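# Per-entry structural report
Chain residues, written in single-letter form:
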Amino acid sequence: MNFADEIFELRELQRLEGHADRVWGLAWKPATGADGVPAVLASCSGDKTVRVWEQSPLTGSFQCKAVLEETHNRTVRSCAWSPSGKLLATASFDATTAIWEDIGGDFACISTLEGHENEVKSVSWNASGSLLATCGRDKSVWIWEVLPHNEFDCVSVLQGHTQDVKMVQWHPTMDILFSCSYDNTIKIWAEDGDNDDWHCVQTLNESNSGHTSTVWALSFNATGDKMVSCSDDLTIKIWGSDIMRMQSGDGNAPWKHLSTLSGYHDRTIFSVHWSRDGIIASGAADDAIRLFVESEDHLIYKVQKRVYIKRENYY
Amino acid sequence: MTLGLINANPVVHAKKERVARNDDSHAEDAVDPLEIYDYVRDIRDPEHPYSLEQLSVLSEESITVDEKLGRILITFTPTIQHCSMATVIGLCLREKLKDCFPPHFKVDIKVAPGSHANEESVNKQLNDKERVAAALENPNLRQLVDECLYSSEL
């Protein structure tokens with residue numbers, strides 16, 4: 001879709017209340033919010049719980065359908081639905097990752113992944129739902145295999161980052177794992193053959209035009225040949241790879257810096273996401289959400305609409 | 001774990017005379033650096049039974065406010081270059097001030113330039129909100145912070 005000439009507007013639909021502390025993350029449930037299926041959203045919080053919200057087909061408003069509690073005993077930092085939507089993984093500062101199953105509207109914790117030495121910061125499922133990745137302040141990235149009967153086995157513990165790892169994200173189509181860190185780098189991990197031998201195939205750091213401070217998040221475009229990252233260095237960076245080379249089995253097709261967006265946020269950019277229809281959204285500590293689209297030139301990104309959301313009447 | 005104090009002989013200064021401040025600010029949302037200083041000057045040092053003010057870790061000049069941008073900068077001076085309590089002091093400041101301002105004010109906490117051997121690393125930790133949140137959930141750190149914040153009220 002070509003949004004280059006479109007005018008955008010960002011309008012708040014609803015404010016969901018219920019959490020008693022900061023909301024750190026959220027995830028839309030796959031295959032909901034379209035084709036007559038009401039949208040479902042999971043949110044996780046410093047109040048140690050996860051809430052699941054569902055949109056009413058009648059009124060359009062979201063209601064809380066479930067509160068997942070009494071499992072984590074510290075902040076729940078990140079949550080992610082499996083591609084089938086049957087499972088929800090929740091990563092916590094309590095050093096564990098819990099796996100929940102939706103059994104007719106009730107969520108039960110069916111497994112707890114232990115191993116990280118301290119706070120787990122992010123969890124991600126691969127495209128087929130056969131693998132799970134987690135990362136944390138202990139500087140490591142863990143890969144887990146999903147086995148029958150709700151079993152999860154650790155397949156690999158990846159060392160390489162020299163600091164706290166903030167987020168992990170699987171590539172949308174291939175089993176290649178990306179991680180970003182307080183060490184200012186993005187690392188790319190791939191399997192050598194099929195024998196659980198995972199290693200770092202590339203590091204995107206300052207010398208490849210990478211970030212100069214903590215990288216907080218990354219996200220892929222729909223085709224998986226481009227990636228966007230955001231940082232405490234106040235920039236958003238676009239990266240690209242040769243998708244044909246990647247698909248032909250060359251998992252080592254290198255990622256290259258394409259473009260840097262700077263001057264749009266004046267405080268840490270914590271969050272960035274590339275929507276399925278090509279809009280990049282960023283969220284930062286300057287209280288602004290910005291949206292970006294590509295212009296015809298492919299490499300030049302222009303701001304289409306920025307929305308400053310000011311929390312009035314906060315008290 | 002270090003046995004004994006890191007800085008066994010800190011220099012202690014007299015408490016500065018307090019001026020009674022009246023409550024009428026020219027605008028409801030105005031943030032007065034001296035008011036902020038009043039909140040933090042009596043925080044107890046993690047290692048010594050003195051306040052941050054008495055040890056000259058903080059002074060009135062430590063606080064700068066940019067009303068227009070909504071930014072507050074607090075600069076503190078650890079008593080020695082290799083002070084391992086610098087991050088704890090920073091956490092105490094954050095925790096003490098967390099509900100003090102209108103939410104659009106952003107607070108940055110840094111060590112005074114040149115005052116610490118790991119200045120960049122300490123500053124980075126103190127201004128990473130996830131690291132700060134996780135640290136304050138750690139029971140040992142939490143207890144230490146609470147002692148620094150509340151012992152002055154005893």
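Residues numbered from 1 in each chain as written. Chains lettered and ligands numbered in written order. Predicted model: local features only at pLDDT ≥ 70, side-chain atom pairs only at ≥ 80, totals over all residues. Heavy atoms only, no water.

## So, the overall build of chain A
For chain A, the count of helices and strands is 1 helix and 24 strands. For chain A, whose C-alpha radius of gyration is 19 Å, the value lies close to the compact-globule estimate of 20 Å for 315 residues. Overall size of chain A, expressed as C-alpha extent along the three principal axes, is 50 × 45 × 40 Å. Out of the 315 residues belonging to chain A, those deemed buried represent 52%. Pairs at least 24 apart in sequence give 43% of the contacts found in chain A among residues at least 6 apart. In the form shown here, chain A has an accessible surface area of approximately 14900 Å², with 46% of it arising from carbon and sulfur atoms. Averaging the locations of the 27 positively and 44 negatively charged side chains of chain A gives two centres separated by 8 Å. (Helix = DSSP H or I, 4+ residues; strand = E, 2+ residues; numbered from the N terminus. Rg over C-alpha atoms; globule rule 2.2 N^0.38 Å. Buried < 20%, exposed > 50% of the residue type's maximum accessible area, 1.4 Å probe, protein only. Contact = heavy atoms within 4.5 Å. Areas by Shrake-Rupley, 256 points an atom, 1.4 Å probe, with all protein chains shown as cover. Lys, Arg positive; Asp, Glu negative; His and termini not counted. Charge placed at Lys NZ, Arg CZ, Asp CG, Glu CD.)

## Some details on the UniProt feature "repeat: WD" (unreviewed entry) in chain A
Residue and element names in this part refer to chain A. If you check UniProt for "repeat: WD" (unreviewed entry), the listed places come out as residues 16-54, 69-101, 113-146, 158-189 and 208-239 in our numbering. The distance separating the terminal C-alpha atoms of residues 113-146 is 11 Å; by composition the span is 0% helix and 56% strand. Between the end C-alpha atoms of residues 208-239 there is a gap of 10 Å, over a span that is 0% helix and 50% strand. (UniProt positions renumbered as here; feature names shortened; annotations may be inferred.)

## Notes on helix H3 (residues 119-126) of chain B
All names here are of chain B. Of the positions making up H3, those classed as buried are Val-122, Asn-123 and Leu-126. Buried positions in H3, seen along its axis, are confined to an arc of 95 degrees and lie on one side of it. Looking at the buried side of H3, the elements it contacts are strand E2 (71-76), helix H2 (86-97), strand E3 (106-111) and helix H4 (129-137). (Arc of directions from axis to C-beta.)

## A word on the interface of chain B and chain A
The partner chain A presents 25 residues to the 19 residues of chain B that form the contact. Of the roughly 1900 Å² buried where chain B meets chain A, counting both sides, 46% is carbon and sulfur surface. The tally of links between chain B and chain A comes to 9 salt bridges. A salt bridge links Asp164(A) to Arg131(B), with the nearest nitrogen and oxygen atoms 3.3 Å apart. Taken together, chain B and chain A are joined by 16 residue pairs in polar contact (both at pLDDT 80 or more). Taken together, the elements giving at least two residues each to the side of chain B that touches chain A come down to E3, H3 and H4 of chain B. Residues belonging to the side of chain B that touches chain A are distributed by class as follows: 5 nonpolar, 4 polar and 10 charged. (Buried area = accessible area lost by both parts, 1.4 Å probe. Salt bridge = Lys/Arg side-chain N within 4 Å of Asp/Glu carboxyl O. Polar contact = N/O pair within 3.5 Å; in protein donor to acceptor, adjacent residues only side chain to side chain. Nonpolar A, V, L, I, M, F, W, Y, C, P; charged D, E, K, R; others polar.)

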